[in-house]
Amino acid sequence: MLERGEVANSWRRERWDSLRLLTPNWQSRLPGLRYEGPDPDGYMTAGEVTELIERFAAATRAPVRTGENVISVRSAGDGYLVTSSSGEIACRAVVVASGACNRPSVPPFSGEVPASVEQLTPFDYRAPGKLPDGGVLVVGASATGVQLAAELQRSGRPVTLSVGEHVRLPRTYRGRDVLWWMDTAGVWDQRYDELDDLNRARRLPSPQLVGTPERATLDLNALTAMGVELVGRWAMVRDGRALFSGGLRNVFSLADLKMRRLLDTFDEWARGYGRDGEVGPAERPPATRVPQSTRLQLDLRRGEIRTIVWATGYRPEYGWLDVPVVDGKGQLRHDGGVVDSPGLYALGLPVLRRRKSTFIHGIEDDARAVVDHLVQHLATGDPGTGNVRSSGG
Ligand SMILES: Cc1cc2nc3c(=O)[nH]c(=O)nc-3n(C[C@H](O)[C@H](O)[C@H](O)COP(=O)(O)OP(=O)(O)OC[C@H]3O[C@@H](n4cnc5c(N)ncnc54)[C@H](O)[C@@H]3O)c2cc1C
């Protein structure tokens, strides 16, 4: 295992100070390593996630070579030649587990933002105190965006949040964590090859959730109540002005509709399995309130906005992969982790084999299935670009 940094590098280096997992402790498990502390319904800090992964590496005696950056992987004979900062390794199979979130995704028009406005990505952001005083424009209303908008607004900086398509979820539903429902009702276990629109599922933004001791819901209504101003999706920069789309009403209705459908599924599940008595009464969060008027543009030269935080998503980085398996959008071409080149595998990507693949606890089933295929490949030399369904994964 070659790691350019340290074990749990992304959790040490690429997270902001206050970040907690949005998945509860009971769910944030690794193979053979379950949460056994006093607060199964709590949410780990980034430091605690680092400790969890370190403990896992020690318990499994994972053969990690830290500080070893992979510079290139290319086909060689019936395998691959891996070049790292420490030398070369010839091997028959390679598992790409380099992460789905190596780089923040920032729209190209960020280059047209006036130089007087400071621009940050979640990789640069640590805490509100590191930002200049004054207004902040947070772009993107998924998990990262809503969490940073709330933290910055609480710090006394006026926050404007640019909202595009998003996934709305209440933190708790009928007295249980909403992710308990996802787990119990089998949503996390939905397989990649049984989803109606796999590409869409893989691109879906993270849900508007935060892990706090209060288990508070952090949706757009909560942010508006705190004083955050909502504007539409940021479309372009013209003459130093940010131009936003209108139509927030439609964006909100869509997110509300999808949330209600999901809650309907949970209710049906509870009824169908006779579990209604175990949980609270069915409820529906109020619709997202549409502001009376929303600004369609903001002059970035006026000084109202001192900082822009781009919470516009993350992307993987495969500049080192010299095998033609990356599509035009920069994503690996793979079928459930079996990459489009014999002996090349992937783990740790969104909805790789199940919906839960996006999260830490998804690795157990994914790794088992992918490793089964890999072992078969090594044993038989089978090019094996096919599905791994037969291996039980
Ligand atoms: C902001 C944020 C919040 C999240 N919150 C949650 C959550 O609440 N719950 C949850 O379950 N999941 C959460 N996730 C997802 C979680 O991070 C992933 O499920 C998990 O970290 C994936 O682990 P990984 O090892 O596959 O990838 P990563 O953690 O990205 O690790 C990849 C590793 O590969 C190394 N690497 C990359 N390129 C090279 C190279 N060329 N050479 C050598 N080494 C290399 C990196 O240094 C890194 O250590 C979150 C992700 C982000 C970005």
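This section reports on the structure supplied with the text. Note that this is a predicted model, so its numbers are computed, not measured.

Rules used throughout
- Residues numbered from 1 in each chain as written.
- Predicted model: local features only at pLDDT ≥ 70, side-chain atom pairs only at ≥ 80, totals over all residues.
- Heavy atoms only, no water.
- Helix = DSSP H or I, 4+ residues; strand = E, 2+ residues; numbered from the N terminus.
- Rg over C-alpha atoms; globule rule 2.2 N^0.38 Å.
- Buried < 20%, exposed > 50% of the residue type's maximum accessible area, 1.4 Å probe, protein only.
- Contact = heavy atoms within 4.5 Å.
- Areas by Shrake-Rupley, 256 points an atom, 1.4 Å probe, with all protein chains shown as cover.
- Lys, Arg positive; Asp, Glu negative; His and termini not counted.
- Charge placed at Lys NZ, Arg CZ, Asp CG, Glu CD.
- Pairing = 2+ DSSP bridges.
- Axes fitted to C-alpha atoms, helices over the stretch in contact; angles between N-to-C directions.
- Near = heavy atom within 4 Å.
- Polar contact = N/O pair within 3.5 Å; in protein donor to acceptor, adjacent residues only side chain to side chain.
- Nonpolar A, V, L, I, M, F, W, Y, C, P; charged D, E, K, R; others polar.

### Structural notes on the overall build of the protein
Part 1 of the reasoning: Of regular secondary structure, the protein possesses eight helices and 21 strands.
Part 2 of the reasoning: Here the protein has a C-alpha radius of gyration of 22 Å; the compact-globule value for 393 residues is 21 Å, and the two agree.
Part 3 of the reasoning: Principal-axis analysis of the C-alpha atoms places the extent of the protein at approximately 65 × 60 × 40 Å.
Part 4 of the reasoning: Taken over 393 residues, the protein has a buried fraction of 46%.
Part 5 of the reasoning: Look at the contacts in the protein between residues 6 or more apart in sequence, and 68% of them connect residues 24 or more apart.
Part 6 of the reasoning: Here the protein has roughly 18700 Å² of accessible surface; of this, 50% comes from carbon and sulfur atoms.
Part 7 of the reasoning: For the protein, the distance from the average position of its 50 positive side-chain charges to the average position of its 49 negative side-chain charges is 3 Å.

### A word on the sheet that holds strand β16 (residues 297–299)
Part 1 of the reasoning: Across the sheet, which stays open at both edges, the three strands sit in the order β14-β15-β16 with antiparallel pairing between neighbours. Looking at the sheet topology across the chains shown, the edges are occupied by β14 (234–238) and β16. Taking the axes of each pair of neighbouring strands and ignoring which way they run, one obtains an average angle of 20 degrees across the sheet.
Part 2 of the reasoning: In terms of strand pairing, β14 meets strand β15 (residues 241–244) through four bridges, oriented antiparallel. Within β15, the residue paired with R238 across the bridge is R241.

### What about the pairing of strand β17 (residues 305–310)?
Part 1 of the reasoning: With five of six residues buried, β17 is to be regarded as a mostly interior element.
Part 2 of the reasoning: Relative to β17, strand β6 (residues 118–120) is paired through three bridges, and the arrangement is parallel. Residue pairing for β17: Q119 is matched across the bridge by I308.
Part 3 of the reasoning: By the bridge criterion, five bridges tie strand β7 (residues 135–139) to β17 in an arrangement that is parallel. From the neighbouring strand, V136 faces β17, where its bridge partner is T307.

### Comments concerning the site of the ligand
Part 1 of the reasoning: Near the ligand there are 23 residues, and of these E3, S10, L22, T23 and I360 occur at the shortest range.
Part 2 of the reasoning: At 3.2 Å, a side-chain N or O of N9 approaches an oxygen atom of the ligand.
Part 3 of the reasoning: Contacts to the ligand include L22, whose backbone N or O atom sits 2.7 Å from an oxygen atom.
Part 4 of the reasoning: Relative to its unbound accessible area of 990 Å², the ligand is 83% covered by the protein chains.
Part 5 of the reasoning: Per element, the largest residue contribution to the shell around the ligand is three residues, and it comes from helix α1 (residues 9–13).
Part 6 of the reasoning: Of the residues belonging to the shell around the ligand, the class tally is 11 nonpolar, eight polar and four charged.

Any functional reading would require information beyond the geometric quantities listed.
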